[in-house]
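Here is how the chains run, residue by residue.
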Amino acid sequence: MSEIRFDGRVAIVTGAGGGLGRCHALELARRGAKVVINDLGGSMDGTGGNSAAAEAVVKEIEAMGGEAIANGSSVSDVAGVKKMIDDTMAKWGRIDIIIANAGILRDRSFSKMTVEDIDLVLAVHLRGSFLPVHAAWDIMKAQNYGRIVVTTSSTGLYGNFGQANYGAAKLGVVGMMNSLKIEGAKNDIRINTVCPIAATRMTEGLMSEAALASLKPEFVTPGVINLVKEDAPTGMILSAGAGAFSMARIVETAGAFVGQGEALTAEAVAAKWAEITDTSKTQPAFKAGAEHGANIFARVAEAAKG
């Protein structure tokens, strides 16, 4: 297979001072991209900040002969994100790739979770994915080219104890992707989601040393590279960890037509519950809400014929 290259492309990677973001940024640079290393440099719970981590990654890229600049903006701050976009355009004149990777944790059981806990996590993960993408969107439209990756989590897709705030934010980016894959299609803007399992500071203390050794962040990056390449897919959720990759999908059962008017009662739904929840004939979620509605009407028409 031909080598995947990004010569002439400009990429922004948020949360790139360490962990997954650093690995994504270094690999893009190795393959020819000019890279903006965004990292607030805060602690895992979102407090504090300095530019040392981002500048260190820039030096790594420069040492390999690549081009990079550091940016210390918070991805949840409108003015900071604008500066990041403006600085990128001033330096290189285009933005081809955005990998929204920045994240924090505020884990607590739901009864102990505070409003601040959910506000901060939503701000970094969901707002912090929306703002950079939104700020670069019209630039990508004008170029008729853009590749975007947002970062979800198994918590968002499947749930995890003590992470209601994190799960809400992480499934939120999937919802954003599902709409942007439609809006960006005519301008060749493709957006995908990565669901990584990796040993980073966010997973320290949660797994054994042996498990962490097999979950290096660099084992996720090859999948991400395929989500931002020239012929990337769009609207895909790629699960990645320990060198294994799979596709996650939202699916729907074939369902059942219960009835309308007086025939449609809670008891009538209960009577068909087994058919409604039968997973033997699941199908991928629909590309758009309009198609979903059309499918419902098709079911009604088919039932009427019977």
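What comes next concerns the included structure.

Definitions and limits used
- Residues numbered from 1 in each chain as written.
- Predicted model: local features only at pLDDT ≥ 70, side-chain atom pairs only at ≥ 80, totals over all residues.
- Heavy atoms only, no water.
- Helix = DSSP H or I, 4+ residues; strand = E, 2+ residues; numbered from the N terminus.
- Buried < 20%, exposed > 50% of the residue type's maximum accessible area, 1.4 Å probe, protein only.
- Core = buried A, V, L, I, M, F, W, Y, C linked by side-chain atoms within 4.5 Å.
- Contact = heavy atoms within 4.5 Å.
- Pairing = 2+ DSSP bridges.
- Salt bridge = Lys/Arg side-chain N within 4 Å of Asp/Glu carboxyl O.
- Phe/Tyr/Trp six-rings, centres within 6.5 Å; stacked < 30°, edge-to-face > 60°.
- Lys NZ or Arg CZ within 6 Å of the ring centre and 35° of its normal.
- Expected span 1.5 Å × (residues − 1).
- Axes fitted to C-alpha atoms, helices over the stretch in contact; angles between N-to-C directions.
- Parallel < 35°, antiparallel > 145°, perpendicular 65-115°, else oblique.
- Left-handed = near helix turned anticlockwise from the far one by under 90°.
- Nonpolar A, V, L, I, M, F, W, Y, C, P; charged D, E, K, R; others polar.
- Polar contact = N/O pair within 3.5 Å; in protein donor to acceptor, adjacent residues only side chain to side chain.

With that settled, the discussion passes to the overall build of the protein chain. When helices and strands are tallied, the protein chain shows eleven helices and ten strands. A burial count over the protein chain gives 42% of its 306 residues as buried.

The next point concerns the nonpolar core. In terms of nonpolar packing, the biggest core is built from 30 residues, with Leu28, Val35, Ile37, Ile61 and Ile99 touching the most fellow members. A per-element tally of this core places helix α1 (residues 19-30) first, with five residues. Residue contacts for valine 35: discarding those within four places in its chain leaves Ala11, Val13, Ala25, Leu28, Ala29, Ile61, Glu67, Ala68, Ile69 and Trp92. Counting 29 residues, the second largest nonpolar core, distinct from the first, contains Ile85, Trp92, Val173 and Met177.

On to the pairing of strand β8 (residues 244-248), then. Across five bridges, strand β7 (residues 237-241) lies against β8 in antiparallel orientation. Of the residues in β8, the one forming a bridge with isoleucine 237 is alanine 248. Counting the residues in the hairpin turn of β7 and β8 gives two residues, including alanine 242, whose phi is positive at 60 degrees.

This next bit is on the pattern of salt bridges. Any two side chains of opposite charge can pair, so long as their charged atoms come close to each other. What the rule picks out here adds up to 16 salt bridges. Across the pair aspartate 96 and arginine 9 runs a salt bridge whose closest N-O atoms are separated by 3.2 Å. Note that aspartate 96 is positioned in the loop between α3 (78-92) and β4 (97-100) and arginine 9 in the segment before β1 (10-14), a separation of 87 residues in sequence. Judged by its relative accessible area of 17%, arginine 9 falls in the buried class. With its nearest N and O atoms 2.7 Å apart, the salt bridge here joins arginine 94 to aspartate 96. Overall, the relative accessible area of 0% leaves aspartate 96 in the buried class. One salt-bridge network, held together by shared partners, links Arg9, Arg94, Asp96 and Glu230.

In this section: the packing of aromatic side chains. Using the criterion set out here, one finds zero aromatic pairs in the structure. The ring of tyrosine 145 is capped by arginine 9, whose NZ or CZ atom sits 3.7 Å from the centre of that ring.

Let us now look at the side chain of asparagine 165. By the secondary structure assignment, asparagine 165 is in helix α6 (residues 164-183). Excluding its chain neighbours within four sequence positions, the residues that come into contact with asparagine 165 are Arg106, Met113, Asp117, Ile118 and Val121.

Before going further, it helps to spend a moment on α1. Over its twelve residues, α1 runs 17 Å from end to end, which matches the ideal 16 Å to within 8%, given 1.5 Å per residue. Counting buried residues along α1, nine of its twelve residues qualify, which places the element largely inside the surrounding structure. Taken together, the buried positions of α1 are occupied by Leu20, Gly21, Cys23, His24, Ala25, Leu26, Glu27, Leu28 and Ala29. Along its buried surface, α1 packs onto β1, β2 (34-38), α2 (52-63), β4, β6 (189-196) and α8 (221-228). Looking one or two residues past α1, glycine 32 carries a phi angle of roughly 105 degrees, positive in sign.

What follows concerns the packing of α3 against helix α4 (residues 115-143). Relative orientation of the contacting elements α3 and α4 amounts to 40 degrees, with a least axis distance of 10 Å. The angle between the axes of α3 and α4 places the two elements in the oblique class. The hand of the α3/α4 crossing is right-handed. Where α3 abuts α4, its residues Val78, Val81, Met84, Ile85 and Met89 lie against Arg127, Leu131, Pro132, Ala135, Ala136 and Ile139. In terms of residue class, the contact of α3 with α4 is made up of ten nonpolar, no polar and one charged.

Along the chain, serine 280 turns up in the loop between α10 (273-276) and β10 (283-284). For serine 280, a relative accessible area of 55% puts it in the exposed group. Within the structure, the side chain of serine 280 is placed 2.8 Å from the side chain of aspartate 278, a separation counted as a polar contact.

All right, on to the packing of α1 against α2 then. One can describe the packing of α1 onto α2 by two numbers: an axis separation of 10 Å at closest approach and a directional angle of 25 degrees. One way to sum up the angle between α1 and α2 is to call them roughly parallel. The element α1 and its partner α2 pack so that their crossing is right-handed. Only Val57, Glu60 and Ile61 of α2 make contact with α1, whose side of the interface consists of Arg22, Ala25, Leu26 and Ala29. Classifying every residue of the contact of α1 with α2 by side-chain character gives five nonpolar, no polar and two charged.

For the rest of this paragraph, the subject is the sheet that holds strand β3 (residues 68-71). Strand order in the open sheet made by the eight strands is β3-β2-β1-β4-β5-β6-β7-β8, with mixed pairing throughout. Each edge of the open sheet carries a strand with a single partner, namely β3 and β8. On average, each strand axis in the sheet is inclined to that of its neighbour by 20 degrees, with strand direction left out of account. Relative to β2, β1 runs parallel, the two being bridged by five bridges. Along β2, the bridge assignment pairs alanine 11 with valine 35. Contacts from α2 reach β2 and β3 within the one sheet, and its direction differs from that of β3 by about 180 degrees.

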